[in-house]
Amino acid sequence: MRPKVLVTGGTGYIGSHTILDLLENGCDAVCIDSCINSDTSCLKAIKELTGTEIPFYKADLCDLKATEQVFRDHPDIAGIIHFAALKAVGESVEKPLLYFRNNLESLINILDLSLRYGVKAFIFSSSCTVYGDVTHSPVDENTPWQEAASPYGRTKQIGEQIITDTLRHTDMKSILLRYFNPAGAHPSGKMGESPINPPQNLVPVITETAIGKRKSMTVFGTDYPTRDGSCIRDYIHVCDLAHAHTLALKYIFEGRQDEQTGIFNLGIGNGLTVLEIIEAFQRVTGVSLSYILGDRRPGDVMAIYSDHTKAGRLLGWEPKMTIDDIVSTAWTWEKNRSAAGKS
Ligand code: UD1
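Asks: Run through the packing of helix 5 (residues 96–116) against helix 6 (residues 151–167), naming residues and quoting values.
Replies: Two elements in contact, helix 5 and helix 6, have axes separated by 10 Å at closest approach and are oriented at 20 degrees. One finds that helix 5 runs roughly parallel with respect to helix 6. In the crossing of helix 5 with helix 6, the sense of the turn from one axis to the other is right-handed. Of the residues in helix 6, those touching helix 5 at Pro96, Tyr99, Phe100, Asn103, Leu104, Leu107, Ile108, Leu111 and Leu115 are Pro151, Tyr152, Arg154, Thr155, Ile158, Gly159, Ile162, Ile163, Thr166 and Leu167. Counted by class, the contact of helix 5 with helix 6 contains 14 nonpolar, four polar and one charged residues.

Put into structure tokens, the structure is as follows:
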């Protein structure tokens, strides 16, 4: 029997790719999303790619009653993948209470309902941001946390603690997945990052500049003590990332996880600089990019990349896509989006 999985934030960037991966790997999916920073076009793409039309609820998880309706309609939900959250680092600095209220209340509600309705597995969308400003890389799951660099980062730290404490004496198991820098799009060109608010992350900024939506872009800082002076990050293809969620669920469903709450880093295990990403984009696409070398962005960490050996050893997860795949799929998606008239 195909286990039924509720994906919160399922019309968002990572959520939509994860729904696709679940359907392709023997699971059924139900989606809930408030659509405050996404639209439902990905559900159409998922139908085109898999032939499956999944149940969709447009609701905010902070609305407990509306969220409970999903569980009433689907009492057989076996697992939750919880993506729904606000994620703009800069906005979180300006409006911390918005982030604490939204990201934590929604988490508390979904945990409460999961326990009441007998869900067995809970996967949480966490982030390498929990490690804060690390002094060396690679970081593994035991690397001590530093002070969170933003209220957004703090919501991920607190979120992990809420889950760990809440599940301690229950029979629900959880996995906290700490993403490094998700990027790229589905190779079909039918699905990718499609936020309503202008993206701030490096790869969509590059593709939007290349297509002419932005006149130019800025490299934030070229005086860091790195090989070319720009920041180092660990860019992981969104499809590789999505597949890790399916493997994590199966790890719990198949009774292979002993601990109540497992933690896994998800990155490629290698760091690339901002200038190397720009070089890869220009080399792979043949498009030359208009960019300037600018000042450091406040709050940026100089370098961070992952040790993901635990995910390889226990989940059997190995990233397959390279940086060339990331920039080429992101570029195809940008061209398709623009041709369809999306901003
Ligand atoms: C941050 C968070 C991450 C979070 C993500 C959500 C940290 C350490 N990381 O990632 O947890 O999930 O935001 O949005 O808090 N850059 C430029 N020019 C640009 C845009 C970016 O040079 O126009 C550079 C940045 O300075 C950085 C790199 O590109 O060095 C990646 O930036 P970005 O894509 O915004 O991700 P992070 O800040 O690493």
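Asks: Give me the lowdown on the site of the ligand, citing residues and values where you can.
Replies: Around the ligand, the surrounding shell holds 19 residues, and the nearest of these are Ser127, Leu202, Thr218, Arg233 and Asp300. Contacts to the ligand include Thr218, whose backbone N or O atom sits 2.8 Å from a nitrogen atom. Between Arg297 and the ligand, the recorded distance is 2.9 Å, taken from a side-chain N or O atom to an oxygen atom. Isolated, the ligand exposes 750 Å² of accessible area, and the fraction of that covered by the protein chains is 90%. Within the residue set of the shell around the ligand, elements represented by two or more residues are helix 7 (202–211) and strand 8 (217–220).

Asks: Outline helix 6, listing residues and values.
Replies: Its 17 residues give helix 6 an end-to-end C-alpha distance of 24 Å, which sits within 8% of 24 Å, the value for a rise of 1.5 Å per residue. For helix 6, every residue scored as buried is listed here: Pro151, Tyr152, Gly153, Thr155, Lys156, Gln157, Gly159, Glu160, Ile162, Ile163 and Leu167.

Asks: A description of empty space enclosed by the protein should follow, citing residues and the corresponding values.
Replies: Overall, the coordinates contain two cavities of 30 Å³ or more when judged by the stated rule. Lining the largest cavity are 14 residues, with Glu193, Pro204, Thr207, Trp333 and Glu334 sitting closest to its centre. Elements represented by at least two residues in the lining of the largest cavity include exactly helix 7 and helix 11 (323–339). Its residues placed into classes, the lining of the largest cavity shows eight nonpolar, two polar and four charged. Space inside the second largest cavity adds up to approximately 80 Å³. Put simply, the parts of the chain that give the lining of the second largest cavity at least two residues each are helix 5, strand 5 (121–127) and helix 6. Of the residues assigned to the lining of the second largest cavity, the class counts are six nonpolar, five polar and one charged.

Asks: Quick rundown of the packing of helix 7 against helix 9 (residues 274–285)? Include the residues and the values.
Replies: With their axes 11 Å apart at the nearest point, helix 7 and helix 9 run at an angle of 45 degrees to one another. Taken as axis vectors, helix 7 and helix 9 run oblique relative to one another. At the point where helix 7 passes helix 9, the crossing takes the right-handed sense. Across from Leu202, Val203, Ile206, Thr207 and Ala210 in helix 7, the residues of helix 9 making contact are Val274, Ile277, Ile278 and Phe281. Across the contact of helix 7 with helix 9, the residue classes break down as eight nonpolar, one polar and no charged.

Asks: Go over the sheet that holds strand 1 (residues 4–8), please, and point to the residues and values.
Replies: Pairing is parallel across the open sheet formed by seven strands, whose spatial order is 3-2-1-4-5-6-11. Because the sheet does not close on itself, it has two edges, and the strands there are strand 3 (56–58) and strand 11 (261–266). Strand-to-strand, the axes of this sheet are offset by a mean angle of 15 degrees, without reference to chain direction. Across five bridges, the pairing between strand 1 and strand 4 (residues 77–82) is parallel. Of the residues in strand 4, the one forming a bridge with Lys4 is Ile77. Running over the sheet, helix 1 (residues 13–24) touches strand 1, strand 2 (28–33), strand 4 and strand 6 (173–179) and is turned about 165 degrees from strand 2.

Asks: Outline the side chain of Ser125, supporting the account with residue identities and numerical values.
Replies: With respect to the helices and strands, Ser125 occurs in strand 5. By relative accessible area, which is 7% here, Ser125 ends up buried. Reaching out from Ser125, the side chain makes a polar contact with the side chain of Tyr179 at a distance of 3.2 Å. For Ser125, the contacting residues outside a window of four places in its chain are His82, Phe83, Lys156, Leu177 and Tyr179.

Asks: Tell me about the side chain of Ser16, residues and numbers included.
Replies: Its place among the elements puts Ser16 in helix 1. Excluding its chain neighbours within four sequence positions, the residues that come into contact with Ser16 are Gly10, Thr11, Cys42, Ile46 and Met191.

Asks: I'd like to hear about the environment of Arg101, residue by residue, with values.
Replies: Counting through the fold element by element, Arg101 comes out in helix 5. The spacing of Arg101 and Cys128 is 27 residues in sequence and 21 Å in space, taken between C-alpha atoms. Setting aside anything within four residues of it in sequence, one finds Arg101 in contact with Cys62 and Ser106.

Asks: Tell me about the packing of aromatic side chains, and please be specific about residues and values.
Replies: Under the definition given, this model contains three aromatic pairs. Centre to centre, the rings of Tyr251 and Phe264 are 6.2 Å apart; their planes meet at 85 degrees, and the pair counts as edge-to-face. Residue Tyr251 is found in helix 8 (residues 238–253), and its partner Phe264 is found in strand 11; the two are separated by 13 residues along the sequence. According to the relative accessible area criterion, Phe264 is buried, its value standing at 0%. Ring centres 5.4 Å apart and planes at 85 degrees place the aromatic pair Phe281 and Trp331 in the edge-to-face group. Taken together, the residues span a long stretch of sequence, with Phe281 in helix 9 and Trp331 in helix 11 at a distance of 50 residues. An identical accessibility class is assigned to Phe281 and Trp331; each is buried. The ring of Tyr224 has Arg296 sitting right over it, with the charged end atom 4.0 Å from the ring centre.

What counts as what
Residues numbered from 1 in each chain as written. Predicted model: local features only at pLDDT ≥ 70, side-chain atom pairs only at ≥ 80, totals over all residues. Heavy atoms only, no water. Axes fitted to C-alpha atoms, helices over the stretch in contact; angles between N-to-C directions. Helix = DSSP H or I, 4+ residues; strand = E, 2+ residues; numbered from the N terminus. Parallel < 35°, antiparallel > 145°, perpendicular 65-115°, else oblique. Left-handed = near helix turned anticlockwise from the far one by under 90°. Contact = heavy atoms within 4.5 Å. Nonpolar A, V, L, I, M, F, W, Y, C, P; charged D, E, K, R; others polar. Near = heavy atom within 4 Å. Polar contact = N/O pair within 3.5 Å; in protein donor to acceptor, adjacent residues only side chain to side chain. Areas by Shrake-Rupley, 256 points an atom, 1.4 Å probe, with all protein chains shown as cover. Expected span 1.5 Å × (residues − 1). Buried < 20%, exposed > 50% of the residue type's maximum accessible area, 1.4 Å probe, protein only. 1 Å grid on protein atoms, 1.4 Å probe; cavity = no way out; pocket = protein on both sides within 12 Å on 5 of 7 lines; lining within 4 Å. Points joined across faces, edges and corners; volume = space filled by probe spheres on them. Pairing = 2+ DSSP bridges. Phe/Tyr/Trp six-rings, centres within 6.5 Å; stacked < 30°, edge-to-face > 60°. Lys NZ or Arg CZ within 6 Å of the ring centre and 35° of its normal.

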